[in-house]
Every structure is written in C-alpha cells, then in structure tokens.
Number of protein chains: 2
Amino acid sequence: MRLYNYFRSSASFRVRIALKYKGLPYDYARVHLLNDGGQQFAPSFRALNPDSLIPVLDDGGQVLTQSLAIIEYLEETRPEPPLLPREAGERAYVRSIALAIACEIHPLNNLRVLRYLVKTLGLSEEQKNIWYRHWVEQGLASLEARLVAEGRSGRYALGDAITIADVVIVPQIFNAQRMDCNLSAVPAVMRIFDHCMQLPAFVDAQPSRQPDAG
Amino acid sequence: MRLYNYFRSSASFRVRIALKYKGLPYDYARVHLLNDGGQQFAPSFRALNPDSLIPVLDDGGQVLTQSLAIIEYLEETRPEPPLLPREAGERAYVRSIALAIACEIHPLNNLRVLRYLVKTLGLSEEQKNIWYRHWVEQGLASLEARLVAEGRSGRYALGDAITIADVVIVPQIFNAQRMDCNLSAVPAVMRIFDHCMQLPAFVDAQPSRQPDAG
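Participant: Sorry, what's going on with the sheet that holds strand β1 (residues 2-5) of chain A here?
Facilitator: Within a sheet, each strand pairs with its neighbour through backbone hydrogen bonds, oriented either parallel or antiparallel. Residue and element names in this part refer to chain A. Across the sheet, four strands lie side by side as β2-β1-β3-β4; this open sheet has mixed pairing. This sheet does not close on itself; its edge strands, each paired only once, are β2 (27-30) and β4 (62-65). Taking the axes of each pair of neighbouring strands and ignoring which way they run, one obtains an average angle of 20° across the sheet. Alignment of strand β3 (residues 56-59) against β4, held across four bridges, turns out to be antiparallel.

Dropping the structure here:
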C-alpha cells in the first residue's frame with residue numbers, strides 16, 4: 001500500500017494511526033501542502049484525486065480517498081485488530097464521535113478555508129486564529145459534554161478498546177495544541193488523548209515522526 | 001423510531017431519504033432552527049444532543065446523532081434494500097463521495113458558520129452569499145471531475161443502484177439551488193440528481209413536503 005500524505009495533515013494522521021494499529025506496512029508518499037505552490041495541485045496528484053485533498057491510499061491500484069472512508073475500507077478488508085465494535089448501537093456511537101470532529105470541527109480549519117479568510121476576506125492573522133480556536137474549542141466542548149453525558153468511556157472513547165473515535169480525536173488534539181487552543185475545559189477528552197498516546201501506533205503516526213516533518 | 005429534524009436541514013434530509021428508501025416509518029419531531037432563538041439550543045434538546053445539531057434519531061431509546069452514522073446504523077440494522085454495495089472498494093467509493101460533501105462542502109455553509117461570518121466577522125449578506133457559493137461550486141466541481149474520471153456512474157453515482165452517495169448528493173443540490181449556485185458546470189452530478197428525483201423516497205423526503213415546511 002502507498003499513502004499519499006503530509007506529516008501535519010490531521011486527516012493523514014488518522015489513516016497513519018489506522019494502518020499502524022492494524023500492523024499494515026505502507027510506502028510513505030510525500031505531498032507537501034505548502035511547497036511548490038502546494039503539491040496537491042500538481043497535475044500528477046490531481047489525476048489521482050481531483051479534490052486536491054490528502055490522504056489518498058493506493059491499495060494495489062485501488063485508489064481511495066477521504067480518511068474515514070479509507071479507515072472503513074481497512075476495517076472491512078483487514079478486520080483485525082478491529083477499529084469498530086460489533087454491536088450496531090456502539091458502532092453508531094463511535095462513528096458519530098469521529099464524524100462530529102471530521103464534519104463539525106476540522107473542515108472549518110482546513111488550509112484552504114484559512115487561506116480564503118485571509119486572502120479573499122482580508123482577515124488579520126489574529127482574526128484567523130480566533131476563528132480557528134472558536135470552532136475547535138466549541139466542538140471539543142460539545143464532545144466533552146457528550147462523553148460525560150453518555151458515560152461510555154474507559155481508557156478510550158468507548159470502554160477500553162481503541163476505535164475509530166480515538167483515531168480521529170488524537171489528531172484533532174494535536175492541531176488544537178499547535179494552535180494554542182484552551183483544552184482545560186475538556187478533561188474527559190484529554191484523558192482519552194493521554195491514554196492513546198501511550199500506544200505505539202499513535203506515537204509512531206504523529207507528525208514529528210514522519211519523514212517529511214520539517 | 002422518532003426523527004428530530006428540520007425540513008430545510010440537508011443533514012436531516014439525508015436521513016429522511018434513507019428511512020423512506022428502506023420503507024421505515026418514523027415520527028417526525030420538529031426542531032425549528034430559527035424559531036424561539038433556535039429550538040436546538042433548548043435544554044430539552046441539548047439533553048438529547050449536546051452538540052445542538054440535528055438530525056437525531058431515537059430508535060427505541062437508542063439515541064443516534066450525525067447523519068452518516070445514523071445511515072450506517074440503519075444499513076446495519078435494516079439492511080434491505082441496501083444503501084451500500086457489497087464489495088469493499090465500491091463501498092469506499094460511495095462513502096468517499098458522501099464524505100466529500102459532508103466534510104468539504106456542507107460544514108462551511110452550516111447555519112452557525114454563516115452566523116459567525118455575519119455577526120462576529122461583520123461580513124455583508126453579499127460576502128456571505130459569495131462564501132456560500134464558492135464552497136458549493138468548488139466542491140461540486142471536484143465531485144464532477146471525480147465522477148467523470150472514475151466513469152462508474154449509471155443512473156446514480158455508482159451504476160444503477162441507489163447508495164449513500166446519492167442520499168447525500170440530492171440534499172446538497174437542493175441547498176445549491178436555493179442559494180442560486182451555478183450548476184451548469186456539473187452535468188454529471190445533475191444527471192444523478194434528476195434520476196434520484198424520479199424516486200418516491202427522494203420526492204417524499206424533500207423539504208417542501210415536510211410538516212414544518214413554512
């Protein structure tokens with residue numbers, strides 16, 4: 001398998017965790033989002049993914065896009081160790097946590113959105129950072145409230161087994177820390193984060209350990 | 001089952017299509033996003049979903065959030081007729097289309113984001129509408145390019161069977177039309193839309209047919 005990705009991209013980070021957690025080796029194909037005017041816009045990459053978005057996973061010629069679709073594919077084709085529980089209600093629960101981050105927080109802080117805010121709307125760096133922190137802090141506060149209300153967490157988001165929820169939470173916290181978001185209001189989320197970061201799959205997948213980390 | 005939703009919410013619309021396509025009856029619980037300062041912020045609703053987001057599906061006391069997680073749950077608990085193909089690569093393909101809309105287009109045009117643009121950043125109505133159309137048109141252009149490049153569409157996004165991709169495409173087109181987006185550049189997407197809108201599940205789930213349509 002070959003993963004087209006960028007060390008700092010949190011969607012890439014999700015897929016790296018899943019691959020490592022399942023013990024699946026892969027080639028690391030670098031797509032630098034800032035160099036060369038953005039390598040994701042190069043014709044060779046656009047031929048792979050017209051969205052100009054990473055990650056892209058090539059599994060023996062099968063080209064897959066969108067991090068959560070890739071992780072579901074890995075779960076279906078390499079089910080052990082699992083990233084989804086067995087029971088439908090629990091599967092829906094961990095998927096909803098993953099989606100709450102992937103659909104409600106992360107898209108607002110994507111590189112192209114931040115660029116639009118600054119270049120097209122003329123926002124200052126300070127306003128851009130306030131925007132960033134606003135959506136991260138609000139989104140994580142909702143997640144915290146849900147985790148506490150549901151009471152289903154153990155070491156991880158659902159009991160003591162790693163799921164797709166944890167795979168998506170951890171990269172979001174890395175982003176939040178890099179942007180100096182206030183995380184003091186989300187202790188339940190941070191407890192999950194700390195437990196995950198004791199596992200080799202999460203540690204090895206983190207941005208600073210990637211070959212393109214600069 | 002009981003669906004907490006709002007006629008115009010496209011995430012609600014996705015779940016209504018899935019329920020109707022699978023022939024599953026449900027109670028329609030109204031959550032008006034504009035009345036009473038937003039009924040999604042009422043304590044009674046926040047107890048159900050701290051995210052203050054719709055749709056929420058209550059299936060015999062099992063409370064489910066996030067439209068795509070709800071649809072996957074329905075697929076797992078009521079598999080016929082299916083909304084996912086059988087083969088893993090095809091499942092990844094249709095999920096990636098659903099996610100490309102749910103993660104790249106829709107979150108940027110959410111009510112709360114548009115409010116932030118106007119109320120916090122002081123954008124004009126005109127700037128807000130340009131923002132809206134920008135992300136819809138760019139996102140749909142990417143989808144169009146992908147559909148054409150992959151060549152897997154028939155009447156619908158994947159061949160001639162309805163999948164989760166179609167369930168997510170149709171509500172996005174309704175939003176695009178309501179906001180006067182230019183759809184002339186995406187004929188492959190619109191062909192799928194037109195075919196879907198010949199089916200009762202899609203017709204019956206549309207905003208104007210809901211009890212709270214005003």
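Participant: What is the right way to look at the interface of chain B and chain A in this model?
Facilitator: With 44 residues of chain B in contact, the opposing surface of chain A contributes 45 residues. With both chains or domains summed, chain B and chain A bury close to 4,000 Å², and 62% of this area falls on carbon and sulfur atoms. Contact with chain A buries area across many residues of chain B, yet Gln66(B), Glu104(B) and Tyr116(B) alone supply 14% of it, more than any other trio. Put simply, chain B and chain A have eight salt bridges between them. One salt bridge connects Arg112(A) with Glu104(B), and the closest N-O pair in it is separated by 3.2 Å.

Participant: Any chance you could explain empty space enclosed by the protein here in plain terms?
Facilitator: Empty space among the atoms can be located by rolling a probe the size of a water molecule over them. Summed over all chains, the structure comprises five cavities of 30 Å³ or more. When the residues that make up the lining of the largest cavity are grouped by side-chain class, the tally is ten nonpolar, no polar and four charged. Estimates place the volume of the second largest cavity at around 100 Å³. Forming the boundary of the second largest cavity are 14 residues, of which Asp51(A), Ala100(B), Gly139(B), Ser142(B) and Leu143(B) lie nearest the centre. For the lining of the second largest cavity, the secondary-structure elements that each account for two or more residues are α4 (88-104) and α6 (125-150) of chain B. Broken down by class, the residue content of the lining of the second largest cavity amounts to six nonpolar, four polar and four charged.

Participant: Sorry, what's going on with the packing of aromatic side chains here?
Facilitator: Here a ring pair, both rings aromatic, is described through the centre-centre distance and the interplanar angle of the planes. By the definition in use, this model includes 15 aromatic pairs over all chains. Ring centres 5.4 Å apart and planes at 80° place the aromatic pair Trp131(A) and Tyr116(B) in the edge-to-face group. In this pair, Trp131(A) is assigned in helix α6 (residues 125-150) and Tyr116(B) in helix α5 (residues 111-120), connecting two distinct chains. The exposure class of Trp131(A) is buried, given its relative accessible area of 0%. Geometrically, the ring pair formed by Trp131(A) and Trp131(B) is edge-to-face, given 5.9 Å between the ring centres and 70° between the ring planes. Placement of Trp131(A) in helix α6 and of Trp131(B) in helix α6 is noted, with the two residues assigned to different chains. For the pair formed by Trp131(A) and Trp131(B), the shared burial category is buried. Three or more aromatic residues link up through ring pairs in this structure, and these residues are Tyr116(A), Trp131(A), Trp135(A), Tyr116(B), Trp131(B) and Trp135(B).

Cut-offs applied
Residues numbered from 1 in each chain as written. Chains lettered and ligands numbered in written order. Predicted model: local features only at pLDDT ≥ 70, side-chain atom pairs only at ≥ 80, totals over all residues. Heavy atoms only, no water. Pairing = 2+ DSSP bridges. Helix = DSSP H or I, 4+ residues; strand = E, 2+ residues; numbered from the N terminus. Axes fitted to C-alpha atoms, helices over the stretch in contact; angles between N-to-C directions. Contact = heavy atoms within 4.5 Å. Buried area = accessible area lost by both parts, 1.4 Å probe. Salt bridge = Lys/Arg side-chain N within 4 Å of Asp/Glu carboxyl O. 1 Å grid on protein atoms, 1.4 Å probe; cavity = no way out; pocket = protein on both sides within 12 Å on 5 of 7 lines; lining within 4 Å. Points joined across faces, edges and corners; volume = space filled by probe spheres on them. Nonpolar A, V, L, I, M, F, W, Y, C, P; charged D, E, K, R; others polar. Phe/Tyr/Trp six-rings, centres within 6.5 Å; stacked < 30°, edge-to-face > 60°. Buried < 20%, exposed > 50% of the residue type's maximum accessible area, 1.4 Å probe, protein only.

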